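Chain by chain, the residues run as shown.
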Amino acid sequence: MLEFPEVLRLIEDRSAAFRAAIASAPDLDVQVPTCPDWTLRDLAQHLGDGRRRQAAIVAAGPGAEPPARTDPKGAPTAPRDREALDSWLAESTELMLDAMREAGPDRGCWTWWGRSQAPETSGAVARHQIQEIAVHTYDVQLTQGAAQPLPTDVAVEGVDEFLTTVSATTVPWPFKPATIDLHATEGRSWRLTLGADGVRCDDLAADAEPGDLAMRGAASELVLYFYARLPLDGLETTGDTEPMEQLADWDPNA
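Think of each chain on its own: its residues are numbered from 1, step by step along the sequence as written. In keeping with the predicted nature of the model, local features appear solely for residues at pLDDT of at least 70, side-chain atom pairs appear and are counted solely at 80 or more, and the whole-chain, interface and lining totals rest on all residues. As a rule here, side-chain values cover all heavy atoms of the structure and leave hydrogens and water aside.

1. Side note on the overall build of the protein
Counting secondary structure elements, the protein contains seven helices and seven strands. Taken from N to C terminus, the helices and strands of the protein fall in the order α-β-β-α-α-α-α-β-β-β-β-α-β-α. The globule rule used for comparison is 2.2 Å times the number of residues to the exponent 0.38, while the radius of gyration itself is calculated over C-alpha atoms. Since a compact globule built from 254 residues should have a radius of gyration of about 18 Å, the 19 Å found for the protein is in line with a globular shape. The criterion used for residue contact is that any of the two residues' heavy atoms lie within 4.5 Å. Within the protein, contacts between residues at least 6 apart in sequence are counted, and of these 67% link residues at least 24 apart. Each accessible area is a Shrake-Rupley estimate made with a 1.4 Å probe; only the visible protein chains count as cover when residues are assessed. Taken as a whole, the protein presents about 12300 Å² of accessible surface, with 51% of it coming from carbon and sulfur. When charges are counted, Lys and Arg are positive and Asp and Glu negative, with His and the chain ends excluded. One atom stands in for each charge, and that atom is NZ of Lys, CZ of Arg, CG of Asp or CD of Glu. Side-chain charges in the protein split into 21 positive and 42 negative, and the spacing between the mean points of these groups amounts to 5 Å. Runs of H or I in DSSP of at least four residues are treated as helices and runs of E of at least two as strands, each being numbered from the N terminus.

Written out as structure tokens, the structure reads:
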């Protein structure tokens with residue numbers, strides 16, 4: 001895992017990239033292919049609102065429930081003026097970063113992943129925010145026909161973060177037990193173990209026997225697959241792909 005200051009730096013970096021992509025878009029009212037219910041303007045509104053929401057959650061500290069949502073009618077609306085929109089997005093990010101700096105990485109706060117391997121802390125929230133912003137930056141770039149891979153440091157961190165926060169759970173796996181090995185071309189490998197105890201993520205030992213499925217690709221490709229931006233057949237796979245397809249469709253909190 002990255003150190004907390006580096007996590008905050010990557011949030012700033014990806015937020016700047018998102019703003020730059022929005023600023024360069026000729027038309028903010030075009031549909032986003034990977035978020036078909038949204039235009040680019042909607043996506044900017046979502047990102048700004050979401051960071052302000054996370055700022056409130058982190059600032060509230062430990063709690064069984066998240067702070068009450070702002071009434072949509074009273075929520076700040078993303079400005080239509082381009083310069084004002086850029087300032088509003090920058091302010092949204094800074095509000096969240098200020099709350100995270102004030103809290104530090106180890107302070108507890110509400111999260112939606114209570115049964116995963118990720119801790120319920122502001123540091124874990126910050127780590128997840130990198131991926132949220134990075135993937136939506138990809139969405140904006142894709143809409144303009146200029147999609148770029150996620151930066152290597154963001155993507156490698158993103159594979160580990162997704163597997164421990166989103167995939168891992170103590171909810172019993174309802175299908176046939178399986179092991180899934182994931183290999184990033186950058187040199188990291190992970191194993192997901194799916195069984196009666198839930199889904200567990202661990203670093204893959206160099207001498208481990210092959211799992212039921214092996215998936216290989218650049219870390220950026222893996223993250224974009226996790227977030228349904230790339231299809232499974234865009235990765236190199238060996239073995240039975242059914243467990244990963246089941247995992248992608250399974251909601252352990254349903």
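2. Considering the packing of aromatic side chains
How two aromatic rings sit relative to each other is set out by the distance from centre to centre and by the angle between their planes. Ring geometry is summarised as follows: Phe, Tyr and Trp rings, the Trp one being its six-membered ring, pair when their centres sit within 6.5 Å, and such pairs are stacked at plane angles under 30 degrees, edge-to-face over 60 and tilted between the two. Within this structure, the stated rule accounts for six aromatic pairs. On the basis of an interplanar angle of 70 degrees and a centroid distance of 5.0 Å, the ring pair of Trp173 and Phe175 is categorised as edge-to-face. Among the aromatic side chains, those forming a connected cluster through ring pairs are Phe162, Tyr225, Phe226 and Tyr227.

3. What to know about the nonpolar core
In terms of nonpolar packing, the biggest core is built from 70 residues, with Ile11, Met100, Leu182, Leu192, Met215 and Phe226 touching the most fellow members. A total of nine residues in this core trace back to one element, the largest contributor, which is helix α4 (residues 122-143). Residues contacting Met100, with those up to four places away along its chain left out, are Phe4, Leu8, Ile11, Val58, Val125, Ala126 and Gln129. What is meant by a nonpolar core is a set of buried Ala, Val, Leu, Ile, Met, Phe, Trp, Tyr and Cys residues, joined one to another through side-chain atoms within 4.5 Å. Relative accessibility decides the category of a residue: with a 1.4 Å probe and only protein chains considered, values under 20% of the type maximum give buried, values over 50% give exposed, and everything between is partly exposed.

4. Quick notes on helix α2 (residues 40-60)
The terminal C-alpha atoms of α2 lie 30 Å apart, and with 21 residues this matches the ideal 30 Å at 1.5 Å per residue to within 8%. Burial analysis of α2 places 15 of its 21 residues in the buried class, the great majority of the element. Downstream of α2 by a residue or two, Gly61 has a phi angle that is positive, lying close to 75 degrees. By this rule the span expected of a helix is its residue count minus one, scaled by 1.5 Å.

5. Some details on the side chain of Arg14
When you line up the elements, Arg14 lands in helix α1 (residues 4-24). The class of Arg14 is buried, set by a relative accessible area of 13%. The residues contacting Arg14, other than those within four sequence positions of it, are Ile130, Ile133, Ala134, Thr137, Pro151 and Val154.

6. Concerning α1
A rise of 1.5 Å per residue sets the reference length of α1, with its 21 residues, at 30 Å; its end C-alpha atoms lie 30 Å apart and thus fit the reference within 8%. Listed as buried for α1 are Phe4, Val7, Leu8, Leu10, Ile11, Arg14, Ser15, Ala17, Phe18, Ala21 and Ile22. Looking at the buried residues of α1, the elements they touch are α2, α3 (82-103), α4 and α5 (152-167).

7. Side note on the packing of α3 against α4
An axis is simply a line fitted to the C-alpha atoms; with a helix, the fit covers only the stretch in contact. Between two such axes, the angle follows the N-to-C directions and lies from 0 to 180 degrees. Running from N to C, α3 and α4 cross one another at 155 degrees; their axes reach a closest spacing of 10 Å. Taken together, the axes of α3 and α4 lie roughly antiparallel to each other. Two packed elements cross with a definite hand, and for α3 against α4 that hand is left-handed. Residue-level inspection shows Met96, Met100 and Ala103 of α3 in contact with α4, the latter providing Ser122, Val125, Ala126, Gln129 and Ile133. Note on residue classes: Ala, Val, Leu, Ile, Met, Phe, Trp, Tyr, Cys and Pro are nonpolar, Asp, Glu, Lys and Arg are charged, and everything else, Gly too, is polar. Split into classes, the residues belonging to the contact of α3 with α4 amount to six nonpolar, two polar and no charged. Throughout, the term roughly parallel applies to angles under 35 degrees, roughly antiparallel to angles over 145, roughly perpendicular to angles from 65 to 115, and oblique to all others. Crossing chirality is assigned from the near helix's rotation relative to the far helix, an anticlockwise turn below a right angle marking it left-handed and a clockwise turn marking it right-handed.

8. Side note on the environment of Gly104
Position of Gly104 among the secondary structure elements: in the loop between α3 and α4. Residue Gly104 is classed as buried on the basis of its relative accessible area, which comes to 14%. Separated by 19 residues in the primary sequence, Gly104 and Gly123 place their C-alpha atoms 7.0 Å from one another. Beyond its immediate stretch of four places on either side in the chain, Gly104 contacts Phe4, Ser122 and Gly123.

9. Details of the sheet that holds strand β7 (residues 236-239)
Taken together, five strands build an open sheet; the order of strands is β5-β4-β3-β6-β7 and the sheet is mixed. The strands lining the two open edges of the sheet, one partner per strand, are β5 (198-203) and β7. Pairs of neighbouring strands in the sheet enclose a mean axial angle of 15 degrees, with direction left out of account. As paired strands, strand β3 (residues 178-184) and strand β4 (residues 189-195) are joined by six bridges and run antiparallel to one another. Strand pairing follows a simple DSSP-based rule, namely that at least 2 bridges must link the two strands.

10. So, unusual backbone geometry
Trans is the common state for peptide bonds, and a negative phi is the common state for residues other than glycine. In this structure, Ala228 takes a positive phi of about 60 degrees despite not being glycine. Mapped onto the secondary structure, Ala228 falls in the loop between α6 (219-226) and β7.

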